Amino acid sequence: MNEQRLLAYLGLHKRASRTVVAGALWPDVTEERAHGSLRTALWRLRRARQPVVGSDGDTLCLADGVSVDVDAFTEVALGLVTSGHVLGDDPPSLDLLDGGELLPGWDEEWILFERERLRQLRLHSLESLSALLARNGQYALALEAALMCVTIEPLRESAHRALVAVHLAENNVVEAIRRYEAFRRLLDEDLGLEPSAQFTGMLPRWGSQPRPRAL
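Residues numbered from 1 in each chain as written. Predicted model: local features only at pLDDT ≥ 70, side-chain atom pairs only at ≥ 80, totals over all residues. Heavy atoms only, no water.

So, the overall build of the protein
Part 1 of the argument: Helix and strand counts for the protein come out as nine helices and three strands.
Part 2 of the argument: Order of helices (α) and strands (β) in the protein, N terminus to C terminus: α-β-α-α-β-β-α-α-α-α-α-α.
Part 3 of the argument: Computed over C-alpha atoms, the radius of gyration of the protein comes to 23 Å, more than 25% over the 17 Å expected from 2.2 N^0.38 for 215 residues, which places it beyond the range of a compact globule.
Part 4 of the argument: By principal-axis analysis of the C-alpha atoms, the protein measures approximately 70 × 40 × 20 Å.
Part 5 of the argument: When burial is assessed residue by residue, the protein has 40% of its 215 residues classed as buried.
Part 6 of the argument: Summarising the internal contacts of the protein: among those between residues at least 6 apart in sequence, 59% fall at separations of at least 24.
Part 7 of the argument: Accessible surface for the protein amounts to roughly 12,500 Å². Of this, 51% is attributable to carbon and sulfur atoms. (Helix = DSSP H or I, 4+ residues; strand = E, 2+ residues; numbered from the N terminus. Rg over C-alpha atoms; globule rule 2.2 N^0.38 Å. Buried < 20%, exposed > 50% of the residue type's maximum accessible area, 1.4 Å probe, protein only. Contact = heavy atoms within 4.5 Å. Areas by Shrake-Rupley, 256 points an atom, 1.4 Å probe, with all protein chains shown as cover.)

Structure (C-alpha cells):
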C-alpha cells in the first residue's frame with residue numbers, strides 16, 4: 001500500500017523532494033520514521049524488473065517511460081475546453097472522459113484537491129465536447145457527452161443547458177422542454193431554486209409566453 005501511495009503521489013505531483021514526499025505520505029509520525037517508511041517503499045519498488053521511480057539528488061520522480069492516465073485525460077480535457085468552436089479531424093473518444101473519481105476510497109489531503117480539480121475539468125470538457133459535436137451535426141454523440149455530465153452532477157445547470165442545446169439543434173423542441181421541466185422540478189425539490197434566466201431564455205419565446213405544462 002505504501003508503494004501505491006508513493007507512485008500515486010509522484011504521478012500527480014511529477015517531482016518532489018524526499019522530505020516533502022515523506023511528510024505528505026506519513027504526516028502523523030516523526031520525520032525520522034516517515035523517512036524510514038519512504039526508504040522502505042523505494043527499496044521495494046526498485047526490486048521490480050522495470051524501475052518505476054527515479055531520482056535526481058534529493059528529488060524523486062517517476063522513471064522515464066512510466067505513463068500516467070491522469071496526464072492523458074488532462075491533455076484531452078484541456079484541449080477540449082480551449083478549442084473554442086473547432087473540433088479536430090480525430091475527436092477524442094468519450095471513453096477518455098468517462099472515468100470515475102480519482103483514487104476512490106483514499107482520503108489523504110493531497111488527493112482531495114486533485115480529485116476535485118479533475119472532476120471539474122471532466123465536467124467542463126464534457127460540456128465543451130457536447131457543444132462541439134452538436135455543431136458538427138453529431139447529435140447522438142453530443143447527447144452522450146451531455147448526459148454523461150448530467151449523470152456525474154445532476155444539479156449542474158450548465159450540464160442540463162448543454163443537453164437542451166443539443167435537442168434544440170436537432171429541432172426537438174418538445175424534448176428540450178421536457179428536459180428543462182425535469183431540471184426545474186429537481187432544482188425546486190432539492191434546493192428550492194429556479195433555473196437561471198439564461199437557461200429559461202434558451203427555449204423559444206419562453207420569456208414572453210406562459211410556461212407550457214410539463215410533459
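Considering the pattern of salt bridges
Part 1 of the argument: This structure, assessed with the given rule, holds 11 salt bridges.
Part 2 of the argument: The closest approach of N and O atoms between R5 and E108, which form a salt bridge, is 3.1 Å. Of this pair, R5 sits in helix α1 (residues 2-13) while E108 sits in the loop between α4 (69-81) and α5 (109-135), placing them 103 residues apart in sequence.
Part 3 of the argument: Overall, E108 belongs to the buried group, its relative accessible area being 18%.
Part 4 of the argument: Notably, a salt bridge pairs K14 with D71, separated by 2.4 Å at the nearest N-O pair. Pair noted here: K14 is in the loop between α1 and β1 (15-17) and D71 is in helix α4, with a separation of 57 residues, a long-range link. (Salt bridge = Lys/Arg side-chain N within 4 Å of Asp/Glu carboxyl O.)

Details of the packing of helix α2 (residues 18-25) against helix α3 (residues 31-46)
Part 1 of the argument: Contact pair α2 / α3: the axes reach a minimum separation of 9 Å and the direction vectors enclose 100 degrees. Here α3 runs roughly perpendicular to α2, going by the angle between their axes. Across from R18, T19, V21 and A22 in α2, the residues of α3 making contact are E31, A34, H35, L38, L42 and R46.
Part 2 of the argument: Residues of the contact of α2 with α3, tallied by class, amount to five nonpolar, two polar and three charged. (Axes fitted to C-alpha atoms, helices over the stretch in contact; angles between N-to-C directions. Parallel < 35°, antiparallel > 145°, perpendicular 65-115°, else oblique. Nonpolar A, V, L, I, M, F, W, Y, C, P; charged D, E, K, R; others polar.)

A few points about the packing of α1 against α3
Part 1 of the argument: The N-to-C vectors of α1 and α3 enclose an angle of 90 degrees; their axes lie 9 Å apart at closest approach. When the interaxial angle is binned, α1 and α3 end up roughly perpendicular. Two secondary-structure elements touch here, α1 through N2, E3, L6 and L7 and α3 through L38, A41, L42, R44 and L45.
Part 2 of the argument: Across the contact of α1 with α3, the residue classes break down as six nonpolar, one polar and two charged.

Some details on the confidence of the model for the protein
Part 1 of the argument: Of all residues in the protein, 92% have pLDDT values of 70 or greater, and the mean over the chain is 90.
Part 2 of the argument: α4 is the least confidently modelled element of the protein, averaging 91 in pLDDT, while helix α7 (residues 157-169) averages 98, the highest of any element. (pLDDT = per-residue confidence, 0-100.)

Quick look at the sheet that holds strand β2 (residues 53-56)
Part 1 of the argument: Read from one edge to the other, the open sheet built from three strands follows the order β1-β3-β2, with strand pairing classed as antiparallel. Only two strands of the sheet have a single partner each, and these edge strands are β1 and β2. Recorded for the sheet is a direction-independent mean angle of 30 degrees between the axes of neighbouring strands.
Part 2 of the argument: Looking at chain direction, β1 and strand β3 (residues 59-62) are connected through three bridges and run antiparallel. What sits directly across from R15, in β3, is C61.
Part 3 of the argument: Lying over the sheet, α1 contacts β1, β2 and β3, oriented at roughly 90 degrees with respect to β3.
Part 4 of the argument: The strands touched by α2 are β1, β2 and β3; relative to β1, the strand with the most contacts, the crossing angle is about 90 degrees. (Pairing = 2+ DSSP bridges.)

Considering the packing of aromatic side chains
Part 1 of the argument: This structure, assessed with the given rule, holds three aromatic pairs.
Part 2 of the argument: A ring pair is formed by Y180 and F199, whose centres lie 5.0 Å apart and whose planes are at 80 degrees; its orientation type is edge-to-face. With Y180 in helix α8 (residues 173-191) and F199 in helix α9 (residues 197-200), this residue pair connects regions lying 19 residues apart in the sequence. F199 carries the same exposure label as Y180, and that label is buried.
Part 3 of the argument: Seen from their ring centres, F183 and F199 are 5.7 Å apart, and the 45 degrees between their planes marks the pair as tilted. Taken together, the residues span a long stretch of sequence, with F183 in helix α8 and F199 in helix α9 at a distance of 16 residues.
Part 4 of the argument: Among the residues examined, F199 registers a relative accessible area of 0% and is labelled buried.
Part 5 of the argument: Members of the aromatic cluster, joined through ring pairs, are Y180, F183 and F199.
Part 6 of the argument: The ring centre of F73 lies 4.6 Å from the NZ or CZ of R122, which sits over that ring. (Phe/Tyr/Trp six-rings, centres within 6.5 Å; stacked < 30°, edge-to-face > 60°. Lys NZ or Arg CZ within 6 Å of the ring centre and 35° of its normal.)

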